[in-house]
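Letter by letter, the chains look like this.
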Amino acid sequence: MTPLVKELTVAAPVERAWEVFTDEITSWWPIPTHSVEPDRVSEIVFEARPGGRILERRHDGTECSWGEVDLCEPPHRVRFSWQPNHDRPAATEVEVTFTATPDGTRVRLEHRGWERLGAQEGAESRAEYDPGWDFVLARYESTIT
């Protein structure tokens, strides 16, 4: 199955684009529509380092892991496993790159590994994430600009 690729250019230098994507993820992530238990979430955490976690932290201190960082090259590239919905059979993989342009930073997100979910579930999941990432990344972009 082909990877899902999303690209956008944000009006910010690479360092700022990275910082907002990772350290300030709570400011733009659409918690009400894109978290496991939205009513319980106090923050989203992105530990931008190898072995770091991506998770939702709840008001009572409990956490729900969404993935784990396996490659981190700040402020240019991060790759992580992605499995916020733990009833799926396996994690997929997301890689995000940040490249300087004359207008700011080109952010490229590639979501791959759909075949790990099986043919039918992989295709269905990919189809769900296609508009989902558009929505999420639009929130990210509006937070920076």
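Cut-offs and rules
Residues numbered from 1 in each chain as written. Predicted model: local features only at pLDDT ≥ 70, side-chain atom pairs only at ≥ 80, totals over all residues. Heavy atoms only, no water. Salt bridge = Lys/Arg side-chain N within 4 Å of Asp/Glu carboxyl O. Helix = DSSP H or I, 4+ residues; strand = E, 2+ residues; numbered from the N terminus. Buried < 20%, exposed > 50% of the residue type's maximum accessible area, 1.4 Å probe, protein only.

**Looking at the pattern of salt bridges**
- Throughout the structure, instances matching the rule amount to 23 salt bridges.
- Where Glu37 meets Arg58, a salt bridge forms, and the shortest distance between an N and an O atom there is 3.5 Å. On the criterion of sequence distance, the pair formed by Glu37 in the loop between α2 (25–28) and β2 (41–46) and Arg58 in strand β3 (residues 53–58) is long-range, its members being 21 residues apart.
- Residue classification places Glu37 among the partly exposed residues on the basis of a relative accessible area of 31%.
- Arg112 is the partner of Glu93 in a salt bridge, and the nearest nitrogen-oxygen pair spans 2.6 Å. Here the residue Glu93 occupies a position in strand β6 (residues 92–101), and Arg112 occupies one in strand β7 (residues 104–112), the gap between them amounting to 19 residues. As far as burial versus exposure is concerned, Glu93 and Arg112 are alike and both buried.
- Put simply, Glu7, Asp70, Glu73, Arg77, Arg79, Glu93, Glu95, Arg106, Arg108, Glu110 and Arg112 are held in one network by salt bridges that share partners.

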